[in-house]
Amino acid sequence: TGLTRGILIGLVFTTSTLPLTNFRYRMSIQTPMAEALKPGVLYQAYLPTVVRDIVYATARNVLTALLLVKFTSLSPASPAMLFAVVLGGCIISAP
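A few points about the pattern of salt bridges
For the structure on display, the rule yields 2 salt bridges. Across the pair Lys38 and Glu35 runs a salt bridge, and its minimum N-O distance is 3.0 Å. Arg52 is the partner of Asp53 in a salt bridge, and the nearest nitrogen-oxygen pair spans 3.1 Å. Asp53 gets classed as buried once you look at its relative accessible area, which sits at 10%.

Digging into the confidence of the model for the protein chain
Confidence in the prediction of the protein chain, expressed as mean pLDDT, is 96, and 100% of residues score 70 or more. Ranking the helices and strands of the protein chain by mean pLDDT puts helix 5 (residues 79-93) first, with 97, and helix 1 (residues 2-28) last, with 95.

Thoughts on the packing of helix 4 (residues 46-70) against helix 5
Two elements in contact, helix 4 and helix 5, have axes separated by 8 Å at closest approach and are oriented at 140°. It follows from the interaxial angle that helix 4 and helix 5 lie oblique. Between helix 4 and helix 5 the crossing geometry is right-handed. Where helix 4 approaches helix 5, its residues Arg52, Val55, Tyr56, Ala59, Arg60, Leu63, Thr64, Leu67 and Leu68 are matched on the opposing element by Met81, Leu82, Ala84, Val85, Val86, Gly88, Gly89, Cys90, Ile92 and Ser93. A breakdown of the residues in the contact of helix 4 with helix 5 according to their chemical character gives 13 nonpolar, 4 polar and 2 charged.

Parameters and conventions
- Residues numbered from 1 in each chain as written.
- Predicted model: local features only at pLDDT ≥ 70, side-chain atom pairs only at ≥ 80, totals over all residues.
- Heavy atoms only, no water.
- Salt bridge = Lys/Arg side-chain N within 4 Å of Asp/Glu carboxyl O.
- Buried < 20%, exposed > 50% of the residue type's maximum accessible area, 1.4 Å probe, protein only.
- pLDDT = per-residue confidence, 0-100.
- Helix = DSSP H or I, 4+ residues; strand = E, 2+ residues; numbered from the N terminus.
- Axes fitted to C-alpha atoms, helices over the stretch in contact; angles between N-to-C directions.
- Parallel < 35°, antiparallel > 145°, perpendicular 65-115°, else oblique.
- Left-handed = near helix turned anticlockwise from the far one by under 90°.
- Contact = heavy atoms within 4.5 Å.
- Nonpolar A, V, L, I, M, F, W, Y, C, P; charged D, E, K, R; others polar.

Here's what the structure looks like:
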């Protein structure tokens, strides 16, 4: 379902990219390497980020399904579909 896929995608995406983002941020503000590599620092703000990403991924899945039913002439990869789904996902998952 859209919810199951959204949860899985949100968890995998956040778990794999948040440490890289946090590390790059720490390096940009000249945090010492030993401090920047601590797991608590790498996964700082994990919970709110993973919740936001789960909501975003779920919204995209559900919006795609709804729009495909409503507009049968569109394909999942059409620019109009992608624009609407990404915009809708951003609005729905915005804090």
